[in-house]
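Read off the chains here:
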Amino acid sequence: MTRTALGALMSHWRRNPWQLAMLLAGLALATALWSGVQALNAEARAAYATAEGLLTEGGAATLEHPAGQMAEAQFAELRRAGWLVSPVIEGRATLGAARVTLLGIEPLTAPPGAGPALAAPDLQAFFAGQAFAHPQTLREIGATEMRLTASEAVPVGTVLMDIGQAQRRLGLAGQITRLTLAPDQPADLNPLATLAPDLRLIAPGEGATLDGLTQSFHLNLTAFGLLAFAVGLFIVHSAVGLAFEQRRAMFRTLRALGLPLRQLTACLAGEMLIFALIAGALGLALGYLLAASLLPDVALTLRGLYGAPVPGALQFDPLWALAGLGMTLAGTALAGAQALWRLWQMPILAPARPRAWAHASARGQRLQAGGALVLAGLAVVLALAGSTLATGFALLAAALLAAALAVPLVLSLGLRVSEAQARTPVAQWFWADSRQNLPRLSLALMALMLALAANIGVGTMVASFRATFITWLDLRLVAELNVTPASQSQAEELRAFLAPRADAVLPMLRVDATLAGQPGQVYAMTDHATFRDNWPLIAPVADVWDRLAAGEGVLVNEQLYRRAGLTPGRATLDLPGIGPMPVLGAYPDYGNPLAQAVLTEARFTAAYPDSPIRQFAIRSATPDALSAALQDEFGLSSSQIVDQAQAKALSLAIFERTFVITRALNVLTLSVAALALFAALVTLSGMRLAQLAPLWALGLTARQLAALELARALVLGAATLVLALPVGLMLAQVLLAVINVQAFGWRLPLQIFPGDWARLGLWAMLAVALAAALPAWRLWRQGPAQLLRVFAHDR
Amino acid sequence: MTVRLVLTLATLFLAPMAHAQGFAGLGTDAEGFAIPERGRALVFPQDHGAHPEYRIEWWYLTATLTGEDGQGYGVQWTLFRSALAPEDRPGWDNRQVWMGHAGLTTTEAHFSAERFGRGGVGQAGVDSAPFRAWIDDWHMTSHAASDQDAFDALDVHARGPDFAFSLDFTAEGPLVLQGDQGYSVKSAQGQASYYYSQPFFTVAGTLDLPGGPVAVTGQGWLDREWSSQPLAEDQAGWDWVSLSFDDGHRMMGFQLRGREIFTAGTWITPDGRPTPLADGAVRFTPRQHTRINGRDVPTHWQIDWADGGLSITTEPLNPHAWMDLSVQYWEGPLRFSGSHSGRGYLEMTGY
């Protein structure tokens, strides 16, 4: 019996292969987008874990000097006082063709970790210069005289070696960057505050951890994945719902033949489970391909923005596959629950009237209106009261859902108005019939509206950001050359060499510090027209540059200004080793995840005398000649000298990459929405024959009918596009004023780009036309025969 | 310490060295390490210090103690040196690896701790004048007067996660050269080391135990040994005792377990005159085993030296004196009885 029932149920899909294809495609796409995003996030997080586990398992406290370096003698002193510390040196160096982070460790004293484990099998070789790097880093470095061994345990872009070897290569003999503390220390030791008062103790997980810095980036990705998943589920829901409606007569027959309700329900549930498994597997494969193709860009973005070492190659994790499949099953259950519930509730001999659906829809519309109002209210509350990234996203979700729920209502209203305006019978029928069919299309139209709004919103946000960023970059990157010295001694030589040859040599000095409780950095600024003329400031006090030059206060970056609420002129900022300093102004600092403060060079070097010069910004009228002189005189490599154009290109490239993923997901979401509309139109076209046949009988040609069908789709699509515009702008505003401020710490002005909308509108109408073309074409080609049959089968 | 690092270090410190065979009588092996030679006179205080041109070396202190509570205690403080290259370069280029072991035995418990470090940067090392051996905050420092031997007065400290000790060692007799004037043969094939001892310490100080500090007094023994070829390839481990007789005599004895047993020892009079005991003179017979960490360890021994009329049986203060460290072995205090009686220390490796 079950077999017969299943056969009967399945015959529906055989007769409607398009519907089946839509169902599977929707489910597979939803799974692909969601699991693809998850794979990207998981890969990045695994890379962070690798990076943090390299030195110690599960994280260790560290001791650091505000200047960024300390004498290695402090290591032996603390050891001899009983403290179990291990020295680490870290710095940037050029190896072969790549610029890498050299990480030097002392394996005998290091707490357990992946790095010491690599060193252990052959201490002799490690002490003598054996180094470890990720295979990808090895490829980037290319030929070198070093003994490099490949290891996946080392994060991309890092080369692990013995501390002595690393000191030599970095030109930092006798210096260390930090001390890691073993997790268990002996009792009754002299306190560190007495033994090493100049060192800062940083607890594990404190400070600028990659997980913390990149959290907002991954949250953004996840939000997009969820949006795509939700749009995909719209397709599934409409396909399942329609298949259910179309099989009502079959259900009734099966029940009348004696199939128990329980068994019928089980059959339908089993059918959905099979589809979910097939589509899930397909979606996982697609998701993996999607993630693998996007990962290189994501990796570059994460490296550029946060310095996070993410390899460009994707690993396959079975757990990820299981989780993705779980999500597909849950999504299918969600999308199919309503249909199964209705089946369970259906009286055995209920008439198989398609009209029943329309009646039920009227009730549904009232519910929808209520839902939209509640969600809109929630969005308003969140907008007023929320202040975290999570509430920002909740606000977005509530506002978008409210808008989506409102779509059929507004469209219905618009159609009613048009109907009232219509004069000819065909026009009146056109509007009335559109309204009659709106409930069946509403889900697809909602999905389309969401995708369009997301496109407009994200597009506007990116374009606004881009415009602001480029202006800012032009102001910021005024130095003709940026030179990175290889060592402290070279820095001094460079300064002496450059002083008579350049218009200005502006050293870049920096120390790591906790600013208002956040991981951050303090920079020194030389008083120079370069900064006075070009740095745009937010809410500066009067005579800000003179007061800064006099050492009366600090400038903070916008991130710190917003997060810590430091109002210039009123607030003070506690600087380590200096104490509270008045905040004089805030400056935009796009692309930097850390808090930042700037004070005058004199105050800086007085407070942090050991801080090394990390870079020189050089003003010169003849940068090319100077660059050549530097290469001849100091043998500086090309990676140590960056000219203005290169710097700008680099920054822009990082910026563009940041939104590659956003754009890719945007396009995919729109495609899914178009597919949803197509699915709805195709399935609808089969059911609508009965409604069209009388018109044909009244004298309209099949061609006219097909044109009307196409027109209807375009009218509805256009109306949806118009509705999506304000929703998209609202989305952009929330992204710029709420999400960006929370996630990155900067607020950007909203700029309008109508050209982009026009382009999107064209694409959207093209997608709608394509979606409507097939059903219309079918109506036109096979019209009369099919339409005639309607009367033959008339019930 | 990660497992692999531990294994490497264990290899460094204990395994027989494949390349440590004598090299054409030139006094160095294939990698340039010096090889002990019979007849080289030991010179003090220089030989109290480190010999970086030899592969391995140790400063090995043990003490049998009695607390103010009347309980027996045992303490071990050892600094091992293992060279990756036969020289002592400054800074991180240094190839001398140092390992500290500390043990504290009570009747109920046995505590142990270890430290590792590289020479050249001040974390660990040995200075010969004034004498000081240290790794981290563990140290053995001489405070002897300038006309005395550096080992005449030592102040010793070590600390583990759950114990610590600070002890004063005062020598009541002379240094004793083991083997042939300090040249101690370790196998029938001729592997040998330089080996001397200070067996006449009286000890006083404090043990810090989880239950609180305990004042202790007792006797101590210091072994100094260095070599580049400590064991023959077939030798799996050794059993070593230092004995302090109630009548003031001292005795050192060991057996190296290989295809054949190789034994050696020294009988020491109360005024410090040594009599070397040739291979086979001393016999070690296990009398009772204790199950520790899945191994059967012979913790009770019968020791016979027929020519000297000695036949004793030993009983450990705590049979579970297992040094559960990167390099694992048994080391603890004992009492002995039979033809003679007294206290001593037992070390057993390779079980």
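Residues numbered from 1 in each chain as written. Chains lettered and ligands numbered in written order. Predicted model: local features only at pLDDT ≥ 70, side-chain atom pairs only at ≥ 80, totals over all residues. Heavy atoms only, no water.

Draft legend 1. Structural context of the overall build of chain B. Of the regular secondary structure elements, chain B holds one helix and 23 strands. Taken over the C-alpha trace, chain B has a radius of gyration of 19 Å; the compact-globule value for 351 residues is 20 Å, and the two agree within 12%. Seen along its three principal axes, the alpha-carbon backbone of chain B occupies a region of about 50 × 50 × 45 Å. Taking the contacts inside chain B whose residues are at least 6 apart along the sequence as the reference set, 56% of them involve residues at least 24 apart. When the accessible surface of chain B is split by element, carbon and sulfur atoms take 50% of a total near 13,000 Å². Averaging the coordinates of the 23 positive side-chain charges in chain B and doing the same for the 42 negative ones gives two points 5 Å apart. (Helix = DSSP H or I, 4+ residues; strand = E, 2+ residues; numbered from the N terminus. Rg over C-alpha atoms; globule rule 2.2 N^0.38 Å. Contact = heavy atoms within 4.5 Å. Areas by Shrake-Rupley, 256 points an atom, 1.4 Å probe, with all protein chains shown as cover. Lys, Arg positive; Asp, Glu negative; His and termini not counted. Charge placed at Lys NZ, Arg CZ, Asp CG, Glu CD.)

Draft legend 2. Examining the overall build of chain A more closely. Counting its regular elements, chain A contains 27 helices and 19 strands. Seen along its three principal axes, the alpha-carbon backbone of chain A occupies a region of about 100 × 60 × 50 Å. Taken across its 795 residues, chain A has 53% of its residues classed as buried. Taking contacts inside chain A between residues at least 6 apart in sequence as the whole, the part at least 24 apart equals 80%. Here chain A has roughly 32,800 Å² of accessible surface; of this, 62% comes from carbon and sulfur atoms. Side-chain charges in chain A split into 54 positive and 48 negative, and the spacing between the mean points of these groups amounts to 22 Å. (Buried < 20%, exposed > 50% of the residue type's maximum accessible area, 1.4 Å probe, protein only.)

Draft legend 3. Region of the structure containing the pairing of strand β20 (residues 310-316) of chain B. Residues and elements named next belong to chain B. Only one face of β20 is covered, namely the one carrying L310, I312, T314 and P316; the face carrying S311, T313 and E315 has none of its residues buried. In sequence, strand β19 (residues 295-305) turns back onto β20 through a hairpin of four residues, with G309 there showing a positive phi of about 70°. As defined by bridge partners, β20 adjoins strand β22 (residues 329-338) across five bridges and the pair is classed as antiparallel. By the bridge assignment, E315 is partnered in β22 with R335. (Pairing = 2+ DSSP bridges.)

Draft legend 4. Summary view of the interface of chain A and chain B. Listed by partner, the interface residues are 31 residues for chain A and 24 residues for chain B. Both faces combined, the contact of chain A with chain B buries some 2,500 Å², and carbon together with sulfur accounts for 57% of it. Summed over the shared surface of chain A and chain B, the result is 10 residue pairs in polar contact (both at pLDDT 80 or more). Among the elements of the structure, α3 (73-80), α5 (123-127) and α7 (163-170) of chain A are those that each provide at least two residues to the side of chain A that touches chain B. A class-by-class count of the residues in the side of chain A that touches chain B yields 18 nonpolar, six polar and seven charged. (Buried area = accessible area lost by both parts, 1.4 Å probe. Polar contact = N/O pair within 3.5 Å; in protein donor to acceptor, adjacent residues only side chain to side chain. Nonpolar A, V, L, I, M, F, W, Y, C, P; charged D, E, K, R; others polar.)

Draft legend 5. Spotlight on helix α24 (residues 689-697) of chain A. Residue and element names in this part refer to chain A. Those residues of α24 that fall on the buried side of the exposure criterion are L689, L692, A693 and L695. The arc enclosing the buried residues of α24, seen along the axis, measures out at 165°, which places them on a common side. Within two residues after α24, G699 carries a phi angle of roughly 120°, on the positive side. (Arc of directions from axis to C-beta.)

Draft legend 6. Representation of empty space enclosed by the protein within the structure. Residue and element names in this part refer to chain B. With the rule as written, the count across this model stands at nine cavities of 30 Å³ or more. Counting only elements with at least two residues in the lining of the largest cavity, the list comes to β1 (56-67), β12 (192-209), β13 (212-227), β14 (237-245) and β15 (250-257). Sorting elements by how many residues they give to the lining of the largest cavity places β13 first, with four residues. Tallied by class, residues from the lining of the largest cavity come to 11 nonpolar, two polar and four charged. (1 Å grid on protein atoms, 1.4 Å probe; cavity = no way out; pocket = protein on both sides within 12 Å on 5 of 7 lines; lining within 4 Å. Points joined across faces, edges and corners; volume = space filled by probe spheres on them.)

Draft legend 7. Geometry of the pattern of salt bridges. Scanning the model with the defined rule gives 29 salt bridges over all chains in all. Between R224 of chain B and E57 of chain B there is a salt bridge; the shortest N-O distance is 2.7 Å. Residue R224 of chain B is found in strand β13, and its partner E57 of chain B is found in strand β1; the two are separated by 167 residues along the sequence. The pair R224 of chain B / E57 of chain B is uniform in exposure class, with both members buried. Each member of the salt-bridge network shares a partner with another, and the members are R79 of chain A together with R115, D136, D137 and R159 of chain B. (Salt bridge = Lys/Arg side-chain N within 4 Å of Asp/Glu carboxyl O.)

Draft legend 8. Representation of the domain arrangement of chain A within the structure. All names here are of chain A. Considered domain by domain, chain A is made up of domain 1 (1-55 + 216-351), domain 2 (60-204), domain 3 (353-466 + 651-795) and domain 4 (481-650). At the junction of the two partners, domain 2 supplies 10 residues and domain 4 supplies 14 residues. Each partner contributes to the roughly 850 Å² buried at the junction of domain 2 and domain 4, and carbon and sulfur atoms together form 50% of this total. In terms of surface lost to domain 4, no three residues of domain 2 exceed P66, A67 and R200, which account for 50% of the buried area on that side. For the pair domain 2 and domain 4, the interface holds zero salt bridges. Our count for the domain 2 to domain 4 interface comes out at one residue pair in polar contact (both at pLDDT 80 or more). Partitioning the side of domain 2 that touches domain 4 into residue classes produces three nonpolar, five polar and two charged. (Domains from an automatic or database assignment.)

Draft legend 9. Representation of the confidence of the model for chain B. Residue and element names in this part refer to chain B. Averaged over chain B, the pLDDT score is 89; the fraction of residues at 70 or greater is 91%. Across residues 1-8 the pLDDT falls below 50, and counting only partners more than four positions away or on other chains, this stretch makes 19 contacts in the model. A low-confidence stretch, residues 14-26 stays under pLDDT 50, and its non-local contacts, those more than four residues away or across chains, total 33 contacts. (pLDDT = per-residue confidence, 0-100.)

Draft legend 10. Quick look at a nonpolar patch on the surface. Residue and element names in this part refer to chain A. Together, L273, L277 and L329 line one region of the surface with nonpolar side chains, adding up to about 230 Å² of accessible area. Checked against the element boundaries, L329 lands in helix α12 (residues 318-345). Using a relative accessible area of 31% as the deciding quantity, one classes L329 as partly exposed. (Patch = residues over 30% accessible without salt bridge, like charges linked within 9 Å, V, L, I, M, F, W, Y side chains within 5 Å.)

Draft legend 11. Geometry of the sheet that holds strand β1 (residues 62-64) of chain A. Residue and element names in this part refer to chain A. The eight strands are arranged β6-β5-β7-β4-β3-β9-β1-β10 in an open sheet whose pairing can be described as mixed. The open sheet has two free edges, formed respectively by β6 (148-150) and β10 (200-202), since each of these has just one partner strand. Geometrically, the sheet is characterised by an average inter-axis angle of 30° between neighbouring strands, direction not taken into account. Where α3 meets the sheet, its contacts fall on β1, β3 (85-95) and β9 (178-181), and the angle it forms with β3 comes to roughly 165°. Lying on the sheet, α7 is in contact with β3, β4 (98-105) and β7 (158-162); it crosses β3 at an angle near 40°. (Axes fitted to C-alpha atoms, helices over the stretch in contact; angles between N-to-C directions.)

Draft legend 12. Layout of the nonpolar core. Residues and elements named next belong to chain A. Ranked by size, the top nonpolar core spans 94 residues in total, and within it L445, M449, L452, F465 and L677 carry the most contacts. Here this core takes 25 residues from helix α15 (residues 425-476), the largest share from any one element. Residues from two domains meet in this core; each of domain 1 (1-55 + 216-351) and domain 3 (353-466 + 651-795) gives at least three. Aside from chain neighbours lying at most four places away, what touches F465 is Y590, F655, F659, W746 and L748. (Core = buried A, V, L, I, M, F, W, Y, C linked by side-chain atoms within 4.5 Å.)

Draft legend 13. View of the environment of F336 of chain B. All names here are of chain B. Position of F336 relative to the elements: it lies in strand β22. For F336, a relative accessible area of 3% corresponds to the buried category. Placed 23 residues apart in sequence, F336 and T313 show a C-alpha to C-alpha distance of 5.5 Å. When neighbours within four sequence positions are excluded, F336 is seen to be in contact with L243, S244, F245, I312, T313, T314, S341, G342 and R343.

Draft legend 14. Examining the pairing of strand β16 (residues 579-587) of chain A more closely. All names here are of chain A. Buried residues dominate β16, accounting for seven of its nine residues. Pairing geometry for strand β14 (residues 554-557) and β16, over four bridges, is parallel. Bridge pairing in β16 places V554 opposite V583. Across four bridges, the pairing between strand β15 (residues 572-575) and β16 is antiparallel. Across the sheet, T572 pairs through a bridge with P582, a residue of β16. Between β15 and the antiparallel strand that follows it, β16, lie three residues; G577 among them carries a positive phi value of about 80°.

Draft legend 15. Summary view of unusual backbone geometry. Each neighbour pair has its own omega, and for F44 of chain B with P45 of chain B the value is 10°, a cis peptide bond. With respect to the element layout, P45 of chain B can be found in the loop between α1 (3-14) and β1. One non-glycine residue, A516 of chain A, adopts positive backbone phi at about 50°. By the secondary structure assignment, A516 of chain A is in the loop between β12 (504-515) and β13 (518-525).

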